[in-house]
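Architecture at a glance
Next come the chains, spelled out residue by residue.
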Amino acid sequence: MKVAFAQSAAISVDAALRSQAIAIAFSKNEKEDFELEGPARLVSAIEEHFELNLLDELTFFSPTGKAGELFEIPVSDTDSLTERIFLVGLGDKGLNSIRLAASAIGRKVRGKSTKVFCACVNEVTELKAFTISLSLGSYLWNQKTDKETLFPEFFIATEDQSQLDDVVVIAKAICTARDLVHTPANIKNPAWLSEQALSMGKEFGFNVKVLAGKELALFGGLRAVGNSSPKPGPRFVELSYVPRSAKKAVGALTHVVLVGKGITFDTGGVSLKRPYDTMTAMKSDMAGAAALLATVSVLAQLQPRVRVTALMMCAENALSGTSQRPSDVITHFGGTTVEVINTDAEGRLVLADGLAYADKNLDPDYLVDIATLTGAATLGLGRQYAAMYTRDQLLAKSLGKIGAESGDKVWHMPLIDEYQDSLRSDIADYNHTADKEKYSAGSVTAALFLEKFAGSRRWVHLDIAGTARSEVDAGENPKGGTGFGVRLLTDWIMSL
Ligand code: BES
Ligand code: MN
Ligand code: ZN
């Protein structure tokens, strides 16, 4: 993805005419204005503004202004570099409509080297939503060897280009998170993931510490899961962001600690996933960790005055002779013992170590975990909203709002104390899989388990099992990784 800026209205016609396509928007209000005179009026307005001639016979189309509706109108001048106009519906001009419109333009030129000049929105928040969705709609990942992968180039009309510099950083980071999720698990083992973190740390300027092998002695959950694939085995990756201006006075800054599930492939282990085809989506089971890595890379570029430590809990949940068994008892970081029931509930085991480590060693002001944790989250909320658990009502409210505005939507779910019983074990401090027949509510009981490891911190759990991956190629999302969480966490941290 490439984005450039046309700085003023005066230059914009010029810049527009250097592009193969010009995207302009049409909202429902404008529809009423034009309705009386018919689409001919609209066409002549475009022709006048850009000094172009459009193909006559196309004056018979009838745009409704519905968000994301897109008409392609050919330019008839043979000497013009601009070949077509994209007339895109902007609906009610709300942020959701803007996102639909922008992703429709992005999709239209996905895989093409087309230059598109976009003059669709004006306000800063609109430009932000527009630019990010434009790049998400045009996102493409594949390993096909038959033809070169091409990328479009976007020019965005804005009065002030500095407004959009930060936005482009976020858009690129979401695409990086998607790339990590799309990478297949034969390449993406925990060691590979830790190497990606190291190289991004070098590129963007944040600190990365990796623990492996014997260094993980205290991380009983991460080892129990990750030793199912002993070569290369699990990795604990700690990313630290401290603003450049505050290296000495770190203590005074708000400290956010993020913990991400980084299961590079989830077979279920000995409690093998069935039916087996539910397994093919499980290279996405590291989407939480990917979102953290991408978010920290954004923060290193935007330099907010907060301190952020992100823990990527990386392991493969394989089926092998070194897999853990249902009925094993493990000791987590900090000493809590857990009876393992279903080895497919591996996410909470690796997260528990991360949360306990954060609580005991990092003194966080906020502790947030993000994980593709339960199929039950998808059952409850579908694929548009992530399940958010926290006892802090104010924080929930603010994350809910930031989520809706950013496009990474979250819904506040209850931590139901009546279900605490489900974590009772006869032989360990906790049992790790609630009895499904007795309790249902698999996403809630998983959250209650995690809470035990968060101490008395201000804690939020985001279950992104539904939102991290799209099963359809539609709107902002390709089939596959969505990069969910990068916008939410970035905007929230920037607001602290
Ligand atoms: N990674 C899965 C959850 C998941 C399922 C994510 C579908 C995305 C799509 C997780 O490790 C898992 O297997 N959870 C089990 C827990 C159960 C065994 C208590 C589940 O949700 O079925
Ligand atoms: Mn699992
Ligand atoms: Zn999993």
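Residues numbered from 1 in each chain as written. Chains lettered and ligands numbered in written order. Predicted model: local features only at pLDDT ≥ 70, side-chain atom pairs only at ≥ 80, totals over all residues.

1. Topic: the site of ligand 1
As a reminder of what qualifies: To decide whether a residue is near a molecule or strand, its C-beta atom is placed from the backbone and checked for lying within 6 Å of it. Charged means Asp, Glu, Lys or Arg here, nonpolar means Ala, Val, Leu, Ile, Met, Phe, Trp, Tyr, Cys or Pro, and polar covers whatever is left, Gly included.
With respect to spatial proximity, 16 residues lie near ligand 1, and among them Asp344, Ala345, Thr374, Gly375 and Ala465 are the closest. Each residue belonging to the shell around ligand 1 can be placed in one class, and the counts come to five nonpolar, seven polar and four charged.

2. Description of the domain arrangement of the protein
A common way to report how large an interface is uses the accessible area buried once the components associate. Cut-off, in case you're wondering: Domain borders in the structure are assigned automatically or taken from a domain database. Put simply, DSSP marks the helices as runs of H or I at least four residues long and the strands as runs of E at least two long, and each gets a number from the N terminus on.
In terms of domain boundaries, the protein breaks down into domain 1 (2-160) and domain 2 (171-495). For domain 1 and domain 2, the distance between their C-alpha centres works out to 38 Å. When residues of the side of domain 1 that touches domain 2 are traced back to their parent elements, those giving at least two are α4 (95-108) and α5 (124-137). With seven residues, the top contributor of residues to the side of domain 1 that touches domain 2 is α5. Split into classes, the residues belonging to the side of domain 1 that touches domain 2 amount to seven nonpolar, five polar and one charged.

3. With respect to the packing of helix α6 (residues 162-182) against helix α9 (residues 287-302)
Spelled out, the test is: Here an axis means a line fitted to C-alpha atoms, over the contact stretch when the element is a helix, while the angle between two N-to-C directions is reported on a 0 to 180 degree scale. Working rule for angles: under 35 degrees goes down as roughly parallel, over 145 as roughly antiparallel, 65 to 115 as roughly perpendicular, anything else as oblique. Here a crossing is taken to be left-handed if its near helix is turned anticlockwise relative to the far helix by less than a right angle, and right-handed if that turn runs clockwise. The contact criterion used is a C-beta to C-beta distance within 7 Å, with each C-beta placed from the backbone.
Packing of α6 against α9 leaves a shortest axis separation of 9 Å and a crossing angle of 155°. Taken as axis vectors, α6 and α9 run roughly antiparallel relative to one another. For the crossing formed where α6 meets α9, the hand is right-handed. Here Asp166, Val169, Ile170, Ala173, Ile174, Thr176, Ala177, Leu180 and Val181 of α6 come into contact with α9, specifically with Ala287, Ala290, Ala291, Ala294, Ser297, Val298, Gln301 and Leu302. When the residues that make up the contact of α6 with α9 are grouped by side-chain class, the tally is 13 nonpolar, three polar and one charged.

4. Some details on the sheet that holds strand β16 (residues 430-431)
We apply this condition: Each pair of strands is called paired provided DSSP finds at least two bridges between the two strands.
The three strands are arranged β11-β12-β16 in an open sheet whose pairing can be described as mixed. Taken across any chain shown, the strands that pair with only one partner, and hence form the sheet edges, are β11 (329-331) and β16. In this structure, strand β12 (residues 337-339) lies alongside β16, joined through two bridges in parallel fashion. Note that in β16 the partner of valine 338 across the bridge is tyrosine 430.

5. Digging into unusual backbone geometry
The omega torsion across lysine 231 and proline 232 is 10°, close enough to zero to call that bond cis. As for its placement among the helices and strands, proline 232 is situated in the loop between α8 (220-226) and β8 (235-241). At the junction of arginine 274 and proline 275, the peptide bond is cis and its omega measures out at -10° in the coordinates. Note on placement: proline 275 falls in the loop between β9 (255-266) and α9.

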